[in-house]
2 protein chains.
Amino acid sequence: MPELRKDPILGRWIIIATERGKRPTDFIIEKNTSKGGFCPLCPGNEGTTPAEVLSYGRPTPAPNKPGWELRVVPNKYPALVIEGDLNKEGEGLYDKMNGIGAHEVLIETPDHNASFTDLPPNKIVQIFWAFRDRLVDLGRDSRFKYVMVFKNYGQAAGASLEHSHSQLVALPILPRMIVSELEGSLTYYKYKERCIFCDIIRQEIRDDVRIVCQNDHFLTITPYAPRSPFEMWVLPKNHSSAYVDMDDSSFHALANIFSETMKRLALCIPNVPYNFVLHTAPLRAEPMKHFHWHFEIMPKLTQIAGFEWGSGFYINPIPPEVSARYLKEVM
Amino acid sequence: MPELRKDPILGRWIIIATERGKRPTDFIIEKNTSKGGFCPLCPGNEGTTPAEVLSYGRPTPAPNKPGWELRVVPNKYPALVIEGDLNKEGEGLYDKMNGIGAHEVLIETPDHNASFTDLPPNKIVQIFWAFRDRLVDLGRDSRFKYVMVFKNYGQAAGASLEHSHSQLVALPILPRMIVSELEGSLTYYKYKERCIFCDIIRQEIRDDVRIVCQNDHFLTITPYAPRSPFEMWVLPKNHSSAYVDMDDSSFHALANIFSETMKRLALCIPNVPYNFVLHTAPLRAEPMKHFHWHFEIMPKLTQIAGFEWGSGFYINPIPPEVSARYLKEVM
């Protein structure tokens, strides 16, 4: 059973994922992303993954058989496990609980060689629908407070499988980063009675120096204080705190802007490793006037070294206005 | 002039270090640590670094000439610059200030091939004295609120030069991580009227499952909620909030335990990349009953991927009790 432990000074939680148990020597040579060879995410190998929890596109119902266009399965080496109780307890001054949660892999396409950047927008629509379906389903489990939805692309960004996939992790506590965003945006709301993200959108459209692309419903910007060159945020133009509340008609607009955003990034820096993460309201939360869901896209271009670890400060060698100009002019 | 910018939602500061200006194509191939070839940190090449601000060991005063045992110079490609005013200002809802600060390189030894782990304790004493001398000197500049003292070892941990060195960055604001530690430990102090670090030390000595090594003055543990396998903290056993207040007689004890700690790590995982960071009270702060200075040592063994970026949560495949056992039994 994995364990969640809390740093007593910072309140930072960590997951001791012993199911992934490693000995020190396992770290001596960094693993490479599996290239070639057997792929557990490919059609025909459905039996090697845990049983699917969602699939799209199979003409007749035949779970865990080929014919799917998209498939969601539990992670075979989960950071958290779905069965059990939280059993919160202390160990002297420390706090821990069982590592209860869900860890799922969303296999985005049956095509082993397809890259997210090259997927057609209607395929990306499908992926965004699957995020919503899984968020809704996992949200029914009252033990879970939040679902992290994210994608790691490229070995340097933490991907261990080549086949295009994203991940979902349902957590029994609110992640610190989301707590900070909720608190920061609430502080602003109390002062101004406006959503800070809505204000950012208005200012970015007015200033027009950090806009990468936009359509009627969405806006991609390089944020004012980015941690990394080419960091981008994709935001809905109309206020909404929860991704799951997105209306059906917006999925195409989101897929279009996301697809364009990733293509622009790939044209600037071919094959760049990256992570993207959905930031949305906690599960089952009432609509919030102060919080605004969005995606954050982080290319893996700079090192996290002692300075960043120790300070929580980031050093970025390219101003976002310069990144935005490159991204805008590349297409 | 570099620029400091604040994320308006999280209050997280970032440094736009344009002096290190890069174009997108500069990122396509990751730079390798310079191996062989010209080393600006070697004796004889003093003229290629900015003029030194401190040196030890030269028999006769001859700055910027060979003969030194340890040398501190301003970083040639600084993240922050020392001349100028902060000029805090707004840009609509955003906040920024000039990137005023100091960025120094501490050249630990004239020997290009020496590794920190193999340095004799009396050399490490010298390094720790130099940290104190620079902290005291930089603390005289009232524009600076904090000095980050850290070391990056190995390319994966962000080191761009092979010659053994550490770094100091003087900052005009308190880093978020230190603010969180100060706040977290103050909350505990208000509730318990005890220093949380002192309580941790007592519990760790009593439990004796996460101790790596100790001497009369210092203790090395794997923390209860570590971000990474083999993360270690080195703490003074007696309460003290500021590194610069360490009494002269403790320097040898610190060098001894630090040297032993790093040797144990190297025996467990040969040539592991790592960062270490000094956590100490803000410059010129009165002694604090709630805060306790210490070093944090972070081996670079796991990837920071989408999950960690998005959540601020870390997944660690090895419990600290297991790391501690390996580290303890290896010598």
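Quick note: structure is the one above.
Note on numbering: residues in each chain are counted from 1, in written sequence order. Labels follow written order: the first chain is A, the first ligand is 1, and so on. Local features in this predicted model are restricted to residues of pLDDT 70 or higher, and side-chain atom pairs are both shown and tallied only at a pLDDT of 80 or more, whereas totals for entire chains, interfaces and linings draw on every residue.

Q: Which parts of the structure should I look at to understand the sheet that holds strand β5 (residues 89-91) of chain A?
A: Whether parallel or antiparallel, the strands of a sheet pair through hydrogen bonds between backbone atoms. Taking strand neighbours across the sheet as the criterion, the five strands line up as β5(A)-β6(A)-β1(A)-β2(A)-β15(B) in an open arrangement whose pairing is mixed. Looking along the sheet, the strands with just one partner apiece sit at the ends: β5 of chain A together with β15 (314-316) of chain B. Put simply, the sheet's adjacent strands are angled 30° from each other on average, direction ignored. Relative to strand β6 (residues 94-98) of chain A, strand β1 (residues 3-6) of chain A is paired through four bridges, and the arrangement is antiparallel. Its bridge partner being in β6(A), A:R5 is matched across the sheet by A:K96. DSSP-based pairing: two strands are paired if at least 2 bridges between them are found. Secondary structure elements follow DSSP: runs of H or I of four or more residues count as helices, runs of E of two or more count as strands, with numbering from the N terminus. Between N-to-C directions, angles span 0 to 180 degrees; the directions come from axes that are lines fitted to C-alpha atoms, helices contributing only their stretch in contact.

Q: For this particular structure, what's the right way to read the interface of chain A and chain B?
A: Think of interface size as the accessible area that goes away when the parts come together; that is how it is often given. Our contact criterion uses C-beta atoms placed from the backbone: two residues qualify when those atoms are within 7 Å. In this assembly, 73 residues from chain A lie in contact with 73 residues from chain B. Within the residue set of the side of chain A that touches chain B, elements represented by two or more residues are β1, β2 (13-16), β8 (146-153), α2 (176-192), α3 (196-207), β13 (274-279), α5 (306-311) and β15 (314-316) of chain A. Among the elements that make up the side of chain A that touches chain B, the one with the highest residue count is α2(A) (six residues). Three categories are distinguished: nonpolar for Ala, Val, Leu, Ile, Met, Phe, Trp, Tyr, Cys and Pro, charged for Asp, Glu, Lys and Arg, and polar for the others, with Gly belonging to the last. Its residues assigned to classes, the side of chain A that touches chain B shows 44 nonpolar, 18 polar and 11 charged.

Q: I keep staring at the relation of the copies chain A and chain B and nothing clicks. Help me out?
A: A rotation about an axis combined with a shift along that same axis relates the two copies of the chain. Superposition of the copies used a least-squares fit over C-alpha atoms from residues whose pLDDT is at least 70 in both. When chain A is fitted onto chain B, the two copies agree to an RMSD of 0.0 Å after a turn of 180° and an axial shift of 0.0 Å. A rotation of that kind, with that shift, is consistent with a two-fold axis. Nearest to the rotation axis, the C-alpha of A:I304 is located 4.2 Å from it, this being the minimum over chain A. Most of the interface of chain A is mirrored in chain B: 100% of its interface residues are interface residues there too.

Q: Looking at this structure, I do not really get the packing of helix α1 (residues 121-138) of chain A against helix α4 (residues 250-268) of chain A. What am I missing?
A: Helix packing for two helices is described by the angle between their axes and how far apart those axes are. Residue and element names in this part refer to chain A. Contact geometry for α1 and α4: axes closest at 8 Å, N-to-C directions at 115°. In this structure, α1 meets α4 at a crossing whose hand is right-handed. Residues P121, I124, V125, F128 and W129 of α1 form the contact with α4, whose own contacting residues are F251, H252, L254, A255, N256, F258 and S259. Partitioned by chemical class, the residues of the contact of α1 with α4 number nine nonpolar, three polar and no charged. For any pair of crossing helices, the crossing counts as left-handed if the nearer helix is rotated counterclockwise from the farther one by less than a right angle, and right-handed if it is rotated clockwise.

Q: Looking at this structure, I do not really get the pairing of strand β9 (residues 165-171) of chain B. What am I missing?
A: In the case of a regular strand, side chains alternate between the two sheet surfaces. All names here are of chain B. Most of β9 sits out of view: seven of its seven residues are buried. Residues of β9 alternate between two faces, with H165, Q167, V169 and L171 on one and S166, L168 and A170 on the opposite face, all of them buried. As paired elements, strand β7 (residues 102-107) and β9 share six bridges and run antiparallel to each other. Counterpart to E104 in the pairing with β9 is L168. Alignment of strand β8 (residues 146-153) against β9, held across five bridges, turns out to be antiparallel. Counting other C-beta atoms within 10 Å of its own, a residue is labelled buried from 20 upward, exposed at 12 or fewer, and partly exposed in the gap between, with every C-beta atom placed from the backbone.

Q: Can you help me understand helix α4 (residues 250-268) of chain B in this one?
A: One full turn of an α-helix is made of 3.6 residues, so residues set three or four places apart face in the same direction. Residues and elements named next belong to chain B. By this rule, a helix spans an expected 1.5 Å times one less than how many residues it contains. Look at α4: 27 Å from first C-alpha to last across 19 residues, which is about the 27 Å you get at 1.5 Å a residue. Among all positions in α4, only F251, L254, A255, I257, F258, S259, T261, M262, R264, L265 and C268 are buried. Those residues of α4 hidden inside the fold are in contact with α1 (121-138), β10 (211-214), β11 (218-221), β12 (232-236), β14 (294-299) and α6 (320-329).

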